[in-house]
Amino acid sequence: MADRAASFPDELSLLATQVEARVAALFESEITRWAAVDSALVEPLVALRDLVLAGGKRLRPAFCGAAHLGAGGALDDPVLVDAGAALELLHTFALVHDDVMDGSVTRRGMAAVHTRFERVHDHEALAGERRRFGEGLAILVGDFAVVYADVLLRSTPASGSALWDELRLELCVGQSLDLVGAARRSTDLDFAARIAQFKSAKYTVERPLHLGAALRGALDTLRAPLSAVGLPLGSAFQLRDDILGVFGDAELTGKPVGDDLREGKPTLLVALAAAQADADERRLLDRIGSPDLDELDVKSLQELFVTTGALRRVEHRIDDLVGEALAAVEAAPIGADARALLARLATYVAWRDH
């Protein structure tokens, strides 16, 4: 079993700082630019800037950077920093739209963007429906994010541009499957695995690794070896996310514990519990997807995931996936420094607490 005490690599923390500085500089310029057109344009851009810089693990730039290093690049390459900033903005686009779709009220310990603008509507006593105003502006904030991400990717080679298109499509595929699965209250194991692959495995790990290689013109050589790392590790990342959504500390995750249960997320954890549940337990599982689940309901579901063995099986699955990813890291034709970074990232993302 891998060492679960691995910390986020210091070298990649420096890259994260550069990415944040790039994002801050972009919005300083853009807020000034559009304020000159109309002051009403300031608040959406400020909301976007605030959310991007409010925290987050910067994992996608980290994986991009590790692959870039493995392909012979440098972690302070401006093209890499731009790509990392683009990945963060694309991630923010997904978060903002996800919060609208799920009706989440908080994100990263602060008000979700649509909630923020609902409060603006109330405070300024604006006309029209507060919910439509809040959600409409949140959708536009997400649109701003994805457009700025594209702007930052202008310096990417042609192979990277094609990859970026595929990454964005796969992100939408994952979100679509997640939304449909929740509406259908799916407990199908294969469907849960498919969501994990497209919602996280590709978008969080595999494609950022590919993008880092593409920035160095090494995608053809490294595509398959990096997929061998990224797909199992990305699935492990999503499984840990699923566990944190049910058992995590809200002060660390930035979202209320049990939100995934209230939203009816079709996770492997739920599917495994459903496969082992008796009639009474099945009735409790049928409560998943109800927005009025209270703390007692969440606690009862937590206990059910333990007693059915679902939590234990998901943890074992994470162990297996990380082992597969670490073996692929050792076999990858990249430098020793990059292999060490990827190994530390693998254990960090699989056993993180937020």
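Above this text sits the structure in question.
Please read these numbers as outputs of a predicted model, since none were measured by experiment.

J.: I keep staring at the overall build of the protein and nothing clicks. Help me out?
T.: Within the protein one finds 16 helices and 2 strands. Whereas a compact globule of 354 residues would reach a radius of gyration of roughly 20 Å, the protein reaches 20 Å, a difference of no more than 12%. With the C-alpha coordinates aligned to their principal axes, the bounding extent of the protein is approximately 60 × 55 × 30 Å. Within the protein, buried positions represent 53% of all 354 residues. When contacts within the protein are restricted to residue pairs at least 6 apart in sequence, long-range pairs at least 24 apart make up 75% of them. When the accessible surface of the protein is totalled, it reaches about 15200 Å², and 53% of it is carbon and sulfur. Side-chain charges of the protein comprise 38 positive and 54 negative groups, with the mean position of each set lying 2 Å from the other.

J.: Explain the side chain of threonine 267 to me, please; I cannot follow it from the model alone.
T.: Positionally, threonine 267 belongs in the loop between α11 (259-263) and α12 (268-276). When sequence neighbours within four positions are dropped, the list of residues in contact with threonine 267 reads Ala192 and Asp242.

J.: Would you take a moment to explain the environment of isoleucine 334 for this structure?
T.: Looking at the element boundaries, isoleucine 334 is found in the loop between α15 (310-331) and α16 (336-350). Separated by 262 residues in the primary sequence, isoleucine 334 and glycine 72 have C-alpha atoms spaced 8.3 Å apart. Beyond its immediate chain neighbours, meaning those up to four positions away, isoleucine 334 contacts Gly70, Leu222, Arg339 and Leu342.

J.: It is not clear to me how helix α4 (residues 78-102) should be interpreted in this structure. Could you clarify?
T.: The end-to-end C-alpha distance of α4 is 36 Å, a good match for the 36 Å that 25 residues give at a rise of 1.5 Å each. With 22 of 25 residues buried, α4 is to be regarded as a mostly interior element. Its side-chain oxygen at 2.9 Å from the backbone nitrogen of valine 79, aspartate 77 defines the N-terminal cap of α4. Immediately downstream of α4, the backbone of glycine 103 shows phi near 70°, a positive value.

J.: Please clarify how the pattern of salt bridges should be interpreted in this entry.
T.: Two side chains carrying opposite charge are able to pair once their charged atoms lie near each other. In total, this model carries 29 salt bridges according to the counting rule given. Across the salt bridge formed by aspartate 98 and arginine 107, the nearest N and O atoms sit 3.8 Å from each other. In terms of burial, aspartate 98 and arginine 107 fall into one category: buried. Measuring nitrogen to oxygen at the nearest pair gives 3.7 Å for the salt bridge that ties aspartate 292 to arginine 287.

J.: Teacher, can you tell me more about the nonpolar core here?
T.: Note that soluble globular proteins tend to have their nonpolar side chains buried in a common cluster. The biggest cluster of nonpolar side chains holds 72 residues, and the ones touching the most others in it are Phe27, Phe63, Leu89, Leu90, Trp164 and Leu211. Here the element with the most residues in this core is α4; it accounts for 12 residues. Those residues in contact with leucine 90 that sit more than four places away from it in its chain are Val146, Ala149, Trp164, Leu167, Arg168, Leu171 and Tyr203.

J.: What should I look at first to understand unusual backbone geometry in this one?
T.: Of note, arginine 58 is a non-glycine position whose phi angle comes to about 55°, a positive value. With respect to the helices, strands and loops of the structure, arginine 58 is situated in the loop between α2 (42-52) and α3 (59-70). For arginine 58, a relative accessible area of 4% corresponds to the buried category. Its identity as a non-glycine residue notwithstanding, arginine 108 has a phi of 55°, on the positive side. With respect to the element layout, arginine 108 can be found in the loop between β1 (106-107) and β2 (110-111).

J.: Hey, could you run me through the state of the cysteines in this one?
T.: Two cysteines whose sulfur atoms are joined by a covalent bond form what is called a disulfide. Inspection of the entire model under this criterion finds 0 disulfides. Distance from the sulfur of cysteine 172, which forms no disulfide, to the nearest cysteine sulfur (cysteine 64) is 19 Å. With relative accessibility at 42%, the residue cysteine 172 sits in the partly exposed group.

J.: Looking at this structure, I do not really get the packing of helix α1 (residues 10-35) against α16. What am I missing?
T.: Each pair of packed helices can be described by the angle between their axes along with the distance between the axes. Closest axis-to-axis distance for the α1/α16 pair is 10 Å, and the angle between their directions is 85°. The orientation of α1 with respect to α16, classified from their angle, is roughly perpendicular. Within the contact between the two elements, α1 uses Asp10, Glu11 and Leu12 and α16 uses Leu341, Arg344 and Leu345. The residue inventory of the contact of α1 with α16, partitioned by class, reads 3 nonpolar, no polar and 3 charged.

J.: What is the right way to look at the environment of leucine 45 in this model?
T.: With respect to the helices and strands, leucine 45 occurs in helix α2. Taking the C-alpha atoms as reference points, leucine 45 and valine 151, separated by 106 residues in sequence, lie 15 Å from one another. Contact partners of leucine 45, with chain neighbours within four places excluded, come to Phe27, Glu30, Ile31, Trp34, Phe144 and Tyr148.

J.: Mind showing me how you'd approach helix α7 (residues 158-184) here?
T.: One full turn of an α-helix is made of 3.6 residues, so residues set three or four places apart face in the same direction. In this model α7 runs 39 Å from its N-terminal to its C-terminal C-alpha over 27 residues, within 8% of the 39 Å that 1.5 Å per residue would give. Inspection of α7 places Gly160, Leu163, Trp164, Leu167, Glu170, Leu171, Gly174, Gln175, Leu177, Asp178, Gly181 and Ala182 among the buried residues, and these make up the whole buried set. Among the structural elements, α4, α6 (130-152), α8 (189-214) and α11 are those in contact with the buried residues of α7. Looking one or two residues beyond α7, the residue adopting positive phi is arginine 185, at roughly 55°.

Conventions and cut-offs
- Residues numbered from 1 in each chain as written.
- Predicted model: local features only at pLDDT ≥ 70, side-chain atom pairs only at ≥ 80, totals over all residues.
- Heavy atoms only, no water.
- Helix = DSSP H or I, 4+ residues; strand = E, 2+ residues; numbered from the N terminus.
- Rg over C-alpha atoms; globule rule 2.2 N^0.38 Å.
- Buried < 20%, exposed > 50% of the residue type's maximum accessible area, 1.4 Å probe, protein only.
- Contact = heavy atoms within 4.5 Å.
- Areas by Shrake-Rupley, 256 points an atom, 1.4 Å probe, with all protein chains shown as cover.
- Lys, Arg positive; Asp, Glu negative; His and termini not counted.
- Charge placed at Lys NZ, Arg CZ, Asp CG, Glu CD.
- Expected span 1.5 Å × (residues − 1).
- Polar contact = N/O pair within 3.5 Å; in protein donor to acceptor, adjacent residues only side chain to side chain.
- Salt bridge = Lys/Arg side-chain N within 4 Å of Asp/Glu carboxyl O.
- Core = buried A, V, L, I, M, F, W, Y, C linked by side-chain atoms within 4.5 Å.
- Disulfide = S-S within 2.5 Å.
- Axes fitted to C-alpha atoms, helices over the stretch in contact; angles between N-to-C directions.
- Parallel < 35°, antiparallel > 145°, perpendicular 65-115°, else oblique.
- Nonpolar A, V, L, I, M, F, W, Y, C, P; charged D, E, K, R; others polar.

Everything listed here is a matter of coordinates, which is why it stays silent on function.
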